[in-house]
Structure formats: structure tokens, C-alpha cells
Amino acid sequence: MATILDGKKLSEKIKQEIAEEVKKLTDASLQPPGLAVIIVGNNPASKVYVSSKKKACAATGIFSLEVALDENITQDKLIEEIEKLNKNDKINGILLQLPLPKHFDEHSALEAISPEKDVDGFHPINVGKLYIGLDSFVPCTPKGIIEIIKRYNISVSGKNAVVIGRSNIVGKPIAALLLKENATVTIAHSKTQNLPELVKSADIVVSAIGKPNFVKGDWIKEGAVVIDVGINSVDDPSSPKGYKLVGDVDFEEAEKKASYITPVPGGVGPMTIAMLLSNTLKARLRIGS
Ligand code: NDP
């Protein structure tokens with residue numbers, strides 16, 4: 001039976017460590033880290049994410065500012081708001097909650113964020129730095145995965161890693177990070193042939209697809225490390241909400257073969273917010289006192 005990689009517990013520990021670092025700043029009468037979260041429009045899921053980010057900031061002593069913008073504003077107005085935050089000394093990190101309503105150009109909005117305040121790590125400068133091995137802001141979900149791996153002392157060097165999914169926010173950056181840790185990395189996607197065979201060769205499997213129970217237990221090599229990034233809602237009449245969240249991996253079967261596995265919920269998810277706080281602290285510490 002696999003050891004469960006408890007992202008919830010680990011994220012609490014990391015948040016406590018961050019709170020201690022923030023306290024050192026405020027005890028020395030220095031400014032705490034500040035995070036601005038921009039939300040455009042009324043997407044209910046985005047609202048929930050923004051509110052949990054604000055709560056996490058409050059719990060660690062990080063100053064947070066929500067900038068809620070009407071969904072009918074223009075792209076220019078959005079850029080203007082981002083530029084104001086770029087100049088705001090109280091703000092060390094800027095996060096643009098995605099997705100934006102359809103008429104916005106997401107790429108140019110993300111590029112308007114100062115790379116020094118880009119705590120989501122989506123600015124092309126930070127993406128480029130990640131790939132050439134320079135210090136950068138690393139996107140929060142992949143950063144959280146590496147943190148789990150390191151804190152559980154899982155060795156990566158020389159291992160075969162298969163990443164399923166090639167999105168800019170999860171698949172590609174986690175592949176770059178695993179490569180940096182000296183894994184031999186293969187990235188699979190919807191056009192990949194023979195996925196089960198490929199996964200069977202993996203010592204480390206990272207699944208970031210978004211399809212419930214897609215990765216079967218018998219694809220998992222004996223002793224493999226399984227990181228399930230997927231968050232999928234499936235009907236569950238026995239739950240008061242009528243649904244439950246599951247990952248991409250058939251957990252019950254995979255757990256029997258893996259050496260380590262992340263649950264969903266409670267695995268990678270909670271680490272993502274902890275890494276946002278960590279990146280915000282990093283942005284604050286970079287500018288010194
Ligand atoms: P995207 O939809 O951007 O990417 C999904 C990837 O899966 C694509 O690269 C796609 O391939 C690939 N894919 C789809 N179908 C298959 C298939 N049949 N075989 C192999 N590959 C396939 O998703 P994200 O990366 O944004 O998110 C992935 C999952 O992770 C989602 O469930 C999301 O909710 C979750 N997530 C969780 C986070 C957390 O904090 N835990 C944070 C971010 C995401 P192709 O490129 O060819 O289309």
C-alpha cells in the first residue's frame with residue numbers, strides 16, 4: 001500500500017513557516033508582503049478561489065488587496081489597473097485570476113504584470129528563466145509538487161518521469177522542474193500513442209489532464225510515485241452536495257501499486273495556495289527592507 005502524500009498537512013506546516021517569516025518582518029517594523037488579486041467579472045468558481053487566497057493571506061499575516069473589476073471593462077482599462085499595482089509599493093505580488101471573460105487577451109494582460117511581481121510565474125520572462133535554469137517565480141501548482149516530493153525525501157535523479165498534460169500552468173512547468181531535478185522526462189498529451197505502456201515505464205507519474213479516473217491502476221508500475229493534479233467533479237448521490245471531487249487517477253487501484261500517491265482532494269490542491277504565499281514572501285524579501 002502506498003504512503004499518502006498529505007498535501008493538506010504539509011501545506012499547513014509551510015503556511016506556519018511563512019507566517020513566522022512574515023512576523024520577523026513586522027516585528028522589525030518592516031512592511032509585510034502584499035498580494036493583489038485581480039478578478040474580472042463574476043465567475044463563481046473564480047470568486048471562491050479569490051476568497052480562499054485572501055483567507056490564506058490573512059492567516060499568514062500577508063497583506064491582501066482584492067481588485068474586483070467589471071466584466072465589461074476594456075483591455076486597456078485592465079492593463080491600466082495592472083500598471084497601477086506594478087507601481088504600488090505595498091504590493092509585492094500580483095495575481096490575475098484566470099480565466100478572464102472572453103473578450104480579453106489573456107497573454108497581453110499577463111505580460112503587463114511586472115516580472116518582479118509575477119507570483120503566478122506566468123510572465124514569459126519567468127517562463128524563460130525557468131527553462132534556462134535561472135532563479136524565477138515558478139508557477140504555484142508545479143512548485144507545490146516539487147515541494148511535496150522534496151519534503152517526503154523522494155529521489156528524482158535518474159528516474160523516468162511521465163507527465164500527462166502539456167498546459168502552460170501545470171504540464172510544461174512540472175516537466176521542466178523534474179528535468180532540473182535530473183529526471184528523464186516524457187510529456188504525454190491527447191495525441192500520445194500507447195499511453196498505458198508509457199505510464200507503465202514511469203517511476204514518477206504526474207497526471208494533469210482533467211478527466212476523472214482516466215489513469216488506471218494497472219498502468220502504474222510497482223513502486224511508482226503518483227502525483228494526481230486533476231480536480232474533477234463527479235456525481236455522488238451519497239454526498240449532501242450531490243457530487244464529489246476526484247483526481248485523474250483511479251486512486252483505489254493505483255494506491256495498491258504505488259509507493260507514494262497524492263489523494264484528491266488533499267494532495268496537490270492545498271499546496272498551490274501555500275506556494276502562492278511562498279512566492280509572495282519571496283517577492284517581498286527580494287526588495288530587502
Ligand atoms: P488543460 O485542459 O489546460 O490541459 C489538459 C492536458 O491534458 C492537455 O495537455 C491535453 O492534451 C491533455 N489531455 C487531454 N486528454 C488527454 C488524453 N486522453 N490523453 C492524454 N492527455 C490528454 O488543463 P490544466 O493543465 O489546466 O489542468 C489539468 C487538471 O488539473 C484539471 O483537472 C485542473 O482542474 C487541475 N488543476 C489543479 C490544480 C491544483 O491546484 N491542484 C491547479 C491547476 C489545474 P492536448 O494538449 O493535446 O489537448
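Structure's up top.
A brief look at the structure comes next. (Residues numbered from 1 in each chain as written. Predicted model: local features only at pLDDT ≥ 70, side-chain atom pairs only at ≥ 80, totals over all residues. Heavy atoms only, no water.)

**Quick word on the side chain of D236**
At step 1: Along the chain, D236 turns up in the loop between β9 (232–235) and β10 (243–246).
At step 2: Despite being buried, D236 has no salt bridge partner; K244 is the closest side chain of opposite charge, sitting 4.8 Å away.
At step 3: Other than its neighbours up to four places away in sequence, D236 contacts G242, Y243 and K244. (Helix = DSSP H or I, 4+ residues; strand = E, 2+ residues; numbered from the N terminus. Buried < 20%, exposed > 50% of the residue type's maximum accessible area, 1.4 Å probe, protein only. Lys, Arg positive; Asp, Glu negative; His and termini not counted. Salt bridge = Lys/Arg side-chain N within 4 Å of Asp/Glu carboxyl O. Contact = heavy atoms within 4.5 Å.)

**Some details on the pairing of strand β8 (residues 225–228)**
At step 1: Burial along β8 is two-sided: the residues V225 and I227 and V226 and D228 are all buried.
At step 2: Across 4 bridges, strand β7 (residues 204–207) lies against β8 in parallel orientation. Across the sheet, residue V206 finds its bridge partner in β8, namely I227.
At step 3: Of the strand pairs in this sheet, β8 and strand β11 (residues 260–261) are connected by 2 bridges, and their pairing is parallel. When the bridges of β11 are listed, V226 appears paired with I261. (Pairing = 2+ DSSP bridges.)

**Section: the sheet that holds β8**
Backbone hydrogen bonds are what pair the strands of a sheet, in a parallel or an antiparallel way.
At step 1: Spatial ordering of the open sheet is given by β1-β11-β8-β7-β5-β6, a layout of 6 strands whose pairing is parallel. Each end of this open sheet is capped by a strand with a single partner; those strands are β1 (3–4) and β6 (184–188).
At step 2: In the sheet, strand β5 (residues 160–164) pairs with β6 via 5 bridges, with the strands oriented parallel. Bridge pairing links I164 to A188 in β6.

**Digging into a nonpolar patch on the surface**
At step 1: On the surface, V127, Y131, I132 and L134 cluster together into a nonpolar patch covering about 400 Å² of accessible area.
At step 2: Structurally, Y131 is set in helix α5 (residues 124–132). (Patch = residues over 30% accessible without salt bridge, like charges linked within 9 Å, V, L, I, M, F, W, Y side chains within 5 Å. Areas by Shrake-Rupley, 256 points an atom, 1.4 Å probe, with all protein chains shown as cover.)

**Here's the deal with the pattern of salt bridges**
At step 1: The final tally for this structure, using the stated rule, is 16 salt bridges.
At step 2: Between K150 and E181 there is a salt bridge, and its shortest N-O distance comes to 3.1 Å. Of the two residues, K150 sits in helix α6 (residues 140–151) while E181 sits in the loop between α7 (171–180) and β6, which places them 31 residues apart along the sequence.
At step 3: Among the residues examined, K150 registers a relative accessible area of 47% and is labelled partly exposed.

**Looking at the nonpolar core**
At step 1: In this structure, L35, I145, I174, L178, V206, I227 and V229 are the most contacted members of the largest nonpolar core, which totals 48 residues.
At step 2: The element that contributes the greatest number of residues to this core is helix α10 (residues 268–286), accounting for 8 residues.
At step 3: Once residues within four sequence positions are removed from consideration, L35 is found in contact with C57, I62, F63, S64, L65, I91, G93, I94, L95, V119, L276 and T280.
At step 4: One finds L78, F104, L110 and I113 within the second-largest nonpolar core, a separate group that totals 20 residues. (Core = buried A, V, L, I, M, F, W, Y, C linked by side-chain atoms within 4.5 Å.)

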